[in-house]
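So you can see what is in the structure, the chains are spelled out below.
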Amino acid sequence: MSRKTLGGLIAIIGAILIVAGLALMLVVVPGMKQFPEDVDTTRSYSGTMPVLLNAETFEFMTDLDVELSRHFRTEEVDGDVALVFEEQFLLAGGQPLQQLVKHYAIDRKTMEFADTYPEEWASREGFWPREGLVLGWPIDTEKKDYVGWSDDFRDTVTLGFAEEVQHDRAGITTYYFAASAPPKLIHPDAVTAMGLPNELPKEQFAALIQGAAVSDALKNILPVLLDQWEEETIPLQYYYEYEAEYWIEPETGVLIDTRKHELRKVGLGEEFLQISPLLANMSEEQRAGSRVTVFDLTYQATDESVRDAKQDADDAARQIELFGTTIPIAAIILGALLIVVGGVLVLSKVPTAG
């Protein structure tokens, strides 16, 4: 093989390496920045519950130390859309208090609920149309407010960016987001999904009120109102309010830590309130005071979950760095050197015998 031919081959290999490096950096890695096909993650939280109403026995449980477990798994992928399964367990002393199953169709890049998805997915347990972020934040999270979703309200909520902070337990820089909502009606479908009744027999409702922390005035007038109510059951409506904090690793979008307070209360249905001018003319503050707390939970990610989330973020960041920077740049530099070497060989003159 002549020197020029060898030089040409070396230059071609160099050009291929440069193209491959650019393709890896500009095409392959952006495709990696999406919700993976093999997610199977569990996050754990510890918390306290001053009040929980057992939906089956309608007895109050108080001052509980609880554990919350959330298990996420990618079930199916259809191009840029993933079907994600979530199972939540709320435990006290190792005994289950509540279990919820949900399915989400998410855009793998934006992490928002997908507009289009296979029709069959809609038949999965806990699947219903949603909007905005439903599981977490996208890769390359920005310093801006995001639209999130509340299953209680069946409506969107604002996930407000607050500041860039150092997360002490994780020891990394995070974006801190906060969200909250005042008491708002829980959507009837959400009430059903949680196994709560939309109405109660008069006697059971009276017992509920007598055992709850409501005003003596309501307890005293309730027997008269129940006598005036001709139906056998009392209509109910539920309210939800919360305050939440989230710490996000921005490069990967991994949720490092969560702290949240959730409060659900039950109140009299609007039609029942109208039977008495005293009730119908109550101020919003008075109406709020007449509601009974049925769910009061404050929780935060455990140290183990924070460590696991940090490890997930570190692993994802290393993958992005390896395939997005290290390997492409090495390939481009080596390719450039090979082109130079090949060019020298092609252009150099072959010495002749004198």
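The sections below set out a description of the structure shown in this document.

Parameters and conventions
- Residues numbered from 1 in each chain as written.
- Predicted model: local features only at pLDDT ≥ 70, side-chain atom pairs only at ≥ 80, totals over all residues.
- Heavy atoms only, no water.
- Helix = DSSP H or I, 4+ residues; strand = E, 2+ residues; numbered from the N terminus.
- Buried < 20%, exposed > 50% of the residue type's maximum accessible area, 1.4 Å probe, protein only.
- Contact = heavy atoms within 4.5 Å.
- Areas by Shrake-Rupley, 256 points an atom, 1.4 Å probe, with all protein chains shown as cover.
- Patch = residues over 30% accessible without salt bridge, like charges linked within 9 Å, V, L, I, M, F, W, Y side chains within 5 Å.
- Salt bridge = Lys/Arg side-chain N within 4 Å of Asp/Glu carboxyl O.
- Core = buried A, V, L, I, M, F, W, Y, C linked by side-chain atoms within 4.5 Å.
- Pairing = 2+ DSSP bridges.
- 1 Å grid on protein atoms, 1.4 Å probe; cavity = no way out; pocket = protein on both sides within 12 Å on 5 of 7 lines; lining within 4 Å.
- Points joined across faces, edges and corners; volume = space filled by probe spheres on them.
- Nonpolar A, V, L, I, M, F, W, Y, C, P; charged D, E, K, R; others polar.
- Polar contact = N/O pair within 3.5 Å; in protein donor to acceptor, adjacent residues only side chain to side chain.
- Lys, Arg positive; Asp, Glu negative; His and termini not counted.
- Charge placed at Lys NZ, Arg CZ, Asp CG, Glu CD.

### A word on the overall build of the chain
Looking only at helices and strands, the chain features eight helices and eleven strands. Scored against the burial criterion, the 354 residues of the chain give a buried share of 43%. The contacts in the chain between residues at least 6 apart in sequence include a share of 64% that link residues at least 24 apart. Counting only carbon and sulfur atoms, one obtains 54% of the accessible surface of the chain, whose full area is about 18500 Å².

### As for a nonpolar patch on the surface
Where nonpolar side chains cluster on the molecular surface, the patch consists of Leu9, Ile12 and Ile16 and spans about 280 Å² of accessible area. Structurally, leucine 9 can be placed in helix α1 (residues 3-32).

### What about the nonpolar core?
Membership of the largest hydrophobic core comes to 77 residues, with the highest contact counts inside it found for Ile106 and Phe205. Top contributing element to this core by residue count: strand β9 (residues 233-249), with eight residues. Filtering out sequence-adjacent residues up to four positions away, isoleucine 106 remains in contact with Phe35, Asp80, Val81, Ala82, Val84, Met111, Glu112, Phe113, Ala114, Val134 and Leu135.

### Description of the pairing of strand β11 (residues 292-301)
Of all the ten residues making up β11, eight are buried; the element is thus mostly covered by neighbouring parts of the structure. As defined by bridge partners, strand β1 (residues 40-53) adjoins β11 across six bridges and the pair is classed as antiparallel. Opposite tyrosine 45, over in β11, you have alanine 301 as the bridge partner.

### Remarks on empty space enclosed by the protein
Within the structure shown, the criterion is met by two cavities of 30 Å³ or more. As for the largest cavity, its lining consists of Gln237, Tyr239, Gly267, Leu268, Leu273, Arg287, Ser290 and Arg291. For the lining of the largest cavity, the class distribution of residues is three nonpolar, three polar and two charged. Considered as a void within the structure, the second largest cavity measures approximately 40 Å³ in volume. Sorting the residues of the lining of the second largest cavity by element identifies α3 (202-210) and β10 (254-268) as the ones contributing at least two each. Split by residue class, the lining of the second largest cavity holds six nonpolar, two polar and no charged.

### Here we look at the side chain of arginine 43
Here arginine 43 is to be found in strand β1. A residue is classified by how much of its surface remains accessible, and arginine 43, at 12% relative accessible area, is buried. Here aspartate 312 takes part through its side chain, which lies 2.7 Å from a polar atom of the side chain of arginine 43. When neighbours within four sequence positions are excluded, arginine 43 is seen to be in contact with Leu68, Ser69, Arg70, Ser305, Asp308, Ala309 and Asp312.

### Observations regarding a negative patch on the surface
Taken together, the side chains of Glu199, Glu203, Glu230, Glu231 and Glu232 present a region of like negative charge at the surface. Structurally, glutamate 232 is set in the loop between α4 (216-228) and β9. Judged by its relative accessible area of 61%, glutamate 232 is exposed.

### What about the environment of proline 50?
On the secondary structure map, proline 50 appears in strand β1. Classification of proline 50 by relative accessible area gives partly exposed; the value is 33%. Look past the residues within four positions of proline 50 in its chain and what remains in contact with it is Met61, Thr62, Asp63 and Asp296.

### Structural notes on the side chain of aspartate 152
Here aspartate 152 shows up in the loop between β5 (146-150) and β6 (155-167). Side chain to side chain, aspartate 152 and arginine 264 meet in a polar contact 2.8 Å long. For aspartate 152, the contacting residues outside a window of four places in its chain are Ile186, His187, Ala190, Met194, Tyr240 and Arg264.

### What to know about the pattern of salt bridges
Using the criterion set out here, one finds 15 salt bridges in the structure. The partner of arginine 264 in a salt bridge is glutamate 262, and the shortest N-O contact between them spans 3.3 Å. Just as arginine 264 is buried, glutamate 262 falls in that class too. Salt bridges sharing partners connect three or more residues here, namely Arg73, Glu75, Glu76, Glu120 and Arg124.

### Section: unusual backbone geometry
Phi at aspartate 63 is positive, roughly 50°, even though this residue is not glycine. Along the chain, the position of aspartate 63 falls in strand β2 (residues 60-78). Positive phi outside glycine occurs at arginine 154, with the angle close to 50°. Its place among the elements puts arginine 154 in the loop between β5 and β6.

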